[in-house]
Amino acid sequence: KRRRGGRPVAFGAMIEAADRDARAIEKALRAALRRPGQLSLLYQPISAAGARRLERAEALARWTSPELGPIPPDRFIAVAERSGLVVELGQALLGQLCDDLEERPELAVSFNVSPLQLLAPSFASDLIAELRRRRISPARIELELTERLLVDDPRLAAERMGELRAAGFRLALDDFGTGYSSIGYLREMSFDTLKIDRSFVTGLERCPERRALVKAMLDLAHALELQVVCEGIETDEELALVRDLGCDLVQGYHIDRPMNLGRLAERWLDQRHE
Ligand code: C2E
Ligand code: CA
Ligand code: CA
Ligand code: CA
């Protein structure tokens, strides 16, 4: 059975269901942004590769809607991007981040910024003003950007990135290897950190080609004087391999899961001086 457009009926129905979900998520998200308490941040440790030592923690958004239940961040951030809510959402999350940085003066974080949020005209100036007001140093914040940003509008992106770096933020290129950007961007745009995507790290011990690829990315990054984080470390073998290949920092379930601020402090901050 096919529709006039030639698309199988079942597929069409699937798309309609997805659209309906997106509308429901958008509506619930609007409500969530008006009433605080539904959105939160978890923190996943990023450790030195050679020792269990917290370098910083990646803030990861969580949302449980009273009507829809828990929604994965990939999903609600995609909806927020399409509906223009992402700027407001990002502001709400940054407010939470600042509260947490105030509460834990020894904490350094990385924070995911979606392309639309970064390109919003007042993003940098608002953030800088807010941090100044609260006396939080921008040096404690690394902003994680994706390659998509660089592809959409490299000129404007470079301008915004320059502004943020001048203010003292660190910048990381997230999910490296999964996007469309060229190595040229890496040279021209001034990043501090390169995050090698999980897809390159998974099963590293069983795949010599993947190992060669990770090695090449590490060498490239180090030649450009970037710090490298390998994401998605799930096993001891993966950890040992990326460490031996020269990776600086590691992140993944094998190191630790995303957790709330209190637990992060217990497990990673309070023990620092032992
Ligand atoms: P991401 O920035 O690449 O974040 C890493 C994701 O990998 C997180 O998923 C994390 O929980 C997960 N992860 C960490 N270690 C492992 C591992 O060892 N194995 C596996 N399988 N997964 C691991 P999460 O929290 O579901 O976030 C998904 C994506 O949603 C993030 O990917 C990021 O793109 C986006 N996101 C999350 N929070 C925010 C936010 O506050 N703002 C923006 N713009 N995007 C966010
Ligand atoms: Ca990230
Ligand atoms: Ca990533
Ligand atoms: Ca990702």
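The structure contained in this document is the topic of the report that follows. Here the structure is a predicted model, which means the values were calculated and not measured.

## Details of the coordination of the calcium ion (ligand 4)
Step number 1: Taken together, D175 (OD) and D175 (OD) make up the full set of protein donors to the calcium ion (ligand 4), lying 3.0 to 3.1 Å away.
Step number 2: Here D175 is to be found in strand β6 (residues 170-176).

## Details of the pairing of β6
Step number 1: Within β6, five of the seven residues are buried, which leaves it mostly tucked inside the rest of the structure.
Step number 2: Judged from the five bridges that link them, strand β5 (residues 141-146) and β6 form a sheet pairing that is parallel. Each bridged residue has a counterpart across the sheet, and for T146 the counterpart in β6 is D174.
Step number 3: Pairing of β6 with strand β7 (residues 193-196), which is carried by three bridges, proceeds in the parallel orientation. Bridge pairing links L173 to L194 in β7.

## Observations concerning the site of ligand 1
Step number 1: Taken together, 21 residues lie near ligand 1, and A61, R62, D74, E234 and Y253 sit nearest.
Step number 2: Measuring from an oxygen atom of ligand 1, one finds a side-chain N or O atom of E58 at 3.2 Å.
Step number 3: One of the side-chain N or O atoms of N112 is found 3.2 Å from an oxygen atom in ligand 1.
Step number 4: Relative to its unbound accessible area of 790 Å², ligand 1 is 83% covered by the protein chains.
Step number 5: The set of elements that each furnish at least two residues to the shell around ligand 1 consists of β2 (54-65), α2 (73-83) and β6.
Step number 6: The biggest single contributor to the shell around ligand 1 is β2, with four residues.

## Examining unusual backbone geometry
Step number 1: Phi angles above zero are rare outside glycine, and R135 is one such case at about 55 degrees.
Step number 2: Summarising the element assignment, R135 is placed in the loop between α5 (123-134) and β5.
Step number 3: In this structure, D175 takes a positive phi of about 55 degrees despite not being glycine.

## Overview of the nonpolar core
Step number 1: Within the largest apolar cluster, 81 residues are counted, with the highest numbers of intra-cluster contacts made by Y43, W63, L97, L143, L150 and F191.
Step number 2: Among the elements that take part in this core, helix α3 (residues 86-103) stands out by supplying seven residues, more than any other.
Step number 3: The contact partners of L143, leaving out residues within four places of it in the chain, are F111, V113, F123, L164, F169, R170, L171 and A172.

About the thresholds
Residues numbered from 1 in each chain as written. Chains lettered and ligands numbered in written order. Predicted model: local features only at pLDDT ≥ 70, side-chain atom pairs only at ≥ 80, totals over all residues. Heavy atoms only, no water. Donors = N, O, S within 2.8 Å, 3.2 Å for Na, K, Ca; no water. Helix = DSSP H or I, 4+ residues; strand = E, 2+ residues; numbered from the N terminus. Buried < 20%, exposed > 50% of the residue type's maximum accessible area, 1.4 Å probe, protein only. Pairing = 2+ DSSP bridges. Near = heavy atom within 4 Å. Polar contact = N/O pair within 3.5 Å; in protein donor to acceptor, adjacent residues only side chain to side chain. Areas by Shrake-Rupley, 256 points an atom, 1.4 Å probe, with all protein chains shown as cover. Core = buried A, V, L, I, M, F, W, Y, C linked by side-chain atoms within 4.5 Å. Contact = heavy atoms within 4.5 Å.

Read these as geometric descriptors, not functional statements.
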